[in-house]
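What follows is the residue order along each chain.
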Amino acid sequence: MMRFTSISLLTVSLLSLLIGCSPRETIRSGAIAPEASTPQTISESISKTFELDPGRYCYLLNNGMLATYLRLTLDNHQISGDVRSSVQTEAANGSTTYAQVFSGSLIADTSIVDVTTWIDKDVKDTRDTWILTSNTLQTKDNVLNLTDCELVDPAFQDHNGLEAKDLLTGANNTRTARIEFDPGQRYVIASNRVVRGDRDIYLVNANGGQQMSISLQATGNNAAFDIISPSGYILAFSANNETVFLPHTGDYQVVVGGISSDASYNLTLSLQ
């Protein structure tokens, strides 16, 4: 039986080596050297001389071992954004990748951010401190440089040049439901009718390392689905039958939409 309810990867020691804005790091300010020497005057000087304008900012670090792409949006002293990183691992003769999303407040040059990190098959929530200057984002161990967003955006796109947010942009209406499995249940079938231009979004909570199989039967083959990971990766696009290995732990989105007209459909989903 399927129940619908409305909707209102991390190794700590490795992560500390991978990224300067890693969980549990505390960063001390010092990026801006004011002329005055007293603590009170320093604070006042920073407030007066540095203020990031609202907008979208992109940062990049690539030192041959670590590549980090970060996007930040500032609005009314609140920041939010996402991160894609990869680090070369000599022992494994390859690389480890991880994804992050963050949000927090910015006061003068200092931001306290809540960060969710997916690495390998783990997920962890942490709180960090970052320092921003006019052209850098500083962590304890690394400095990311302000750069053109055209150099950063491709790190968040699939081979079609799409991001997860693009799959819902322009939808007239969206309906969201959660798929849950009863104990011992191997698969679930969701049946509905989707109007062209609308999207049905099914949330499926799963663990990194599991395998998800989905098939979609629709009238006139006039519907398709996308799969989006909790960290924002597009795992399937405009598919009718797909089996994917799940990289991260959290809520996956299965997005069903009509192709050229309205369509009734049956969506069969299984987790292993």
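Here the residue numbering is sequential within each chain, running from 1 through the sequence in written order. Residues qualify for local features only when their pLDDT is at least 70, as the model is predicted, and side-chain atom pairs are given and counted only at 80 or more; totals for whole chains, interfaces and linings, by contrast, use all residues. Side-chain calculation: all heavy atoms of the structure are included, whereas hydrogens and water are not.

K.L.:
Can you tell me about the sheet that holds strand β13 (residues 223-228), naming the residues and giving the values?
P.N.:
Between any two strands, at least two bridges found by DSSP are needed for them to pair. Per the convention used, a helix needs a DSSP run of H or I reaching at least four residues, while a strand needs a run of E reaching at least two, with both numbered from the N terminus. Strand order across the open sheet formed by 5 strands is β9-β11-β16-β13-β14, with mixed pairing between neighbours. Whereas interior strands pair on both sides, the edge strands pair on one side only; in this sheet they are β9 (174-179) and β14 (234-239). Each adjacent strand pair in this sheet contributes to an overall mean axis angle of 20°, direction not counted. Direction of pairing for β9 relative to strand β11 (residues 199-206): parallel, over a ladder of 6 bridges. Bridging across to β11, Thr176 finds its partner in Ile201. Simply put, an axis is a line fit to the C-alpha atoms, just over the touching stretch for a helix, and the angle between two N-to-C directions goes from 0 to 180 degrees.

K.L.:
If you had to explain the nonpolar core to someone new, which residues and values would you point to?
P.N.:
Put simply, buried Ala, Val, Leu, Ile, Met, Phe, Trp, Tyr and Cys residues joined by side-chain atoms within 4.5 Å make one nonpolar core. Think of it in three bands: with a 1.4 Å probe and only protein chains considered, a residue is buried below 20% of the maximum accessible area for its type, exposed above 50%, and partly exposed in between. Counting 27 residues, the largest nonpolar core has Tyr202, Met212, Phe225, Val254 and Leu267 as the members making the most contacts within it. Looking at this core, the elements that each hand over two or more residues are β9, β10 (187-194), β11, β12 (211-218), β13, β14, β16 (250-258) and β17 (263-271). With 5 residues, β17 is the single largest residue contributor to this core. In this description, contact between two residues means that some pair of their heavy atoms is separated by no more than 4.5 Å. Among all residues touching Met212, those that are not within four sequence positions of it are Val204, Ile227, Glu242, Thr243, Val244, Leu246, Tyr252, Val254, Leu269, Ser270 and Leu271.

K.L.:
Help me get a handle on the pattern of salt bridges, residues and values and all.
P.N.:
By definition here, a salt bridge exists when the distance from a side-chain nitrogen of Lys or Arg to a carboxyl oxygen of Asp or Glu is within 4 Å. One pass over the structure, following the stated rule, counts 8 salt bridges. Among the ionic pairs, Arg71 bridges to Asp153, the shortest N-O distance being 3.0 Å. With a gap of 82 residues between them, Arg71 in strand β2 (residues 66-75) and Asp153 in the loop between α3 (149-152) and β9 connect regions that are remote in the sequence. Each member of the pair Arg71 and Asp153 is classed as buried. Residue Asp200 is joined to Arg175 by a salt bridge in which the shortest nitrogen-to-oxygen separation is 2.8 Å. Residue Asp200 is found in strand β11, and its partner Arg175 is found in strand β9; the two are separated by 25 residues along the sequence.

K.L.:
Describe the state of the cysteines, listing the residues and the values that go with them.
P.N.:
Any pair of cysteine sulfurs within 2.5 Å is marked as a disulfide. Tallying each qualifying case throughout the model produces 1 disulfide. Residue Cys58 pairs covalently with Cys149 via a disulfide, S to S 2.0 Å. Across the S-S bond linking Cys58 and Cys149, the dihedral sits near 100°, which makes this disulfide right-handed. With Cys58 in strand β1 (residues 55-62) and Cys149 in helix α3, the pair connects residues that are 91 residues apart, well separated along the chain. Residue Cys149 is classed as buried on the basis of its relative accessible area, which comes to 15%.

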